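Structural overview for review
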Number of protein chains: 2
Amino acid sequence: MSDTPGDLVTRFIGLLTARDLDGAAALVSEDFEYDNVPMGVTRGPRALHDTLSGFFALCTVVDWEILRQVSTGDLARGTVLNERDDRIEIHGRRATLPVAGVFEVRGGRITLWRDYFDKETLVAAMTPPVP
Amino acid sequence: MSDTPGDLVTRFIGLLTARDLDGAAALVSEDFEYDNVPMGVTRGPRALHDTLSGFFALCTVVDWEILRQVSTGDLARGTVLNERDDRIEIHGRRATLPVAGVFEVRGGRITLWRDYFDKETLVAAMTPPVP
């Protein structure tokens, strides 16, 4: 099992990269908030699952890497901030989305996942190339 | 004086909010890297000073708030990640730029400041309103 808030977030990101959305959704609380800052907020494990299953359906590669991660507190009440390169392949093109994530942990579950990134960089990666 | 990497970054952000660019530039290393992720990288204390003096000249209010900050290591070698609301007023309009920052500290100086944010949100805040 996960020992620290940082371990929990590392496991969560690993499950997402493995496209195990059921496993990832099991690590978040019922009142979980998923905030893609420039694009909006969804709430709850189901919304997490549905948002990412739609996105992952576009991706032929999902390879997210944690570059730096710092945490404080414990599994009862902790905070984790990380810096990531979220590498994906969509429409046959590789792209890297540079991201900084903020996570809150309460009672052993992730209650907040907030990602800071540039919307235009993501939209460009998702736009089909001109034939 | 600053005791931890987090204290150093808090002091740095405080100096910037006070528009004390000489004071802020004195806290960074000669090889300091300033990376505004969706907009590019500059290097050195002088580039920090010049980049922000140009930006601050547009601002009638600079009110940056650290919402969360987590750090590890010490002043010899430390890492700090934070989440901020960078509130500004430009062209008579208030705006909030949600930002996540990554900082590296070496030998008591800040060697890296990397900010993750949405470029379009910043550009919208800097664009003059239609008369």
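Look a little higher up for the structure.
First things first, this report covers the structure right here in the doc. (Residues numbered from 1 in each chain as written. Chains lettered and ligands numbered in written order. Predicted model: local features only at pLDDT ≥ 70, side-chain atom pairs only at ≥ 80, totals over all residues.)

**Comments concerning the environment of Gly44(B)**
All names here are of chain B. Here Gly-44 lies in the loop between β2 (40–43) and α3 (45–58). On the neighbour-count criterion, Gly-44 (16 C-beta atoms within 10 Å) is partly exposed. Along the backbone, Gly-44 and Tyr-34 are ten residues apart, and their C-alpha atoms lie at a distance of 7.8 Å. In contact with Gly-44, not counting residues within four places along its chain, are Glu-30 and Phe-32. (Helix = DSSP H or I, 4+ residues; strand = E, 2+ residues; numbered from the N terminus. Buried ≥ 20, exposed ≤ 12 C-beta atoms within 10 Å, placed from the backbone. Contact = placed C-beta atoms within 7 Å.)

**With respect to the pairing of strand β4 (residues 77–90) of chain B**
Residue and element names in this part refer to chain B. As judged from the 14 bridges shared by strand β3 (residues 59–74) and β4, these two strands associate in the antiparallel manner. Paired with Asp-63 across the bridge in β4 is Arg-87. Here β4 runs beside strand β5 (residues 93–106); their pairing, made up of 14 bridges, is antiparallel. Bridge pairing in β5 places Asp-86 opposite Leu-97. (Pairing = 2+ DSSP bridges.)

**Concerning the relation of the copies chain B and chain A**
Aligned on chain A, chain B shows an RMSD of 0.0 Å; the corresponding rotation is 180° and the shift along the axis is 0.0 Å. One copy is carried onto the other by what is essentially a two-fold rotation axis. In terms of C-alpha distance to the rotation axis, chain B has Asp118(B) as its closest residue, with the C-alpha 2.0 Å off the axis. (Least-squares fit on C-alpha atoms with pLDDT ≥ 70 in both.)

**Structural notes on the sheet that holds strand β6 (residues 109–116) of chain B**
All names here are of chain B. An order of β2-β1-β6-β5-β4-β3 is seen for the six strands of this open sheet, with the pairing classed as mixed. Of all the strands in the sheet, the pair left with one neighbour each is β2 and β3. Recorded for the sheet is a direction-independent mean angle of 20° between the axes of neighbouring strands. Pairing geometry for strand β1 (residues 28–36) and β6, over five bridges, is parallel. Its bridge partner lying in β6, Asp-35 is registered against Arg-114. Sitting on the sheet, helix α1 (residues 5–17) is in contact with β3, β4, β5 and β6, with an inclination near 175° to β3. The strands that helix α4 (residues 119–126) touches are β4 and β5; relative to β5, the one it contacts most, it runs at about 130°. (Axes fitted to C-alpha atoms, helices over the stretch in contact; angles between N-to-C directions.)

So yeah, pure geometry; function would need other evidence.
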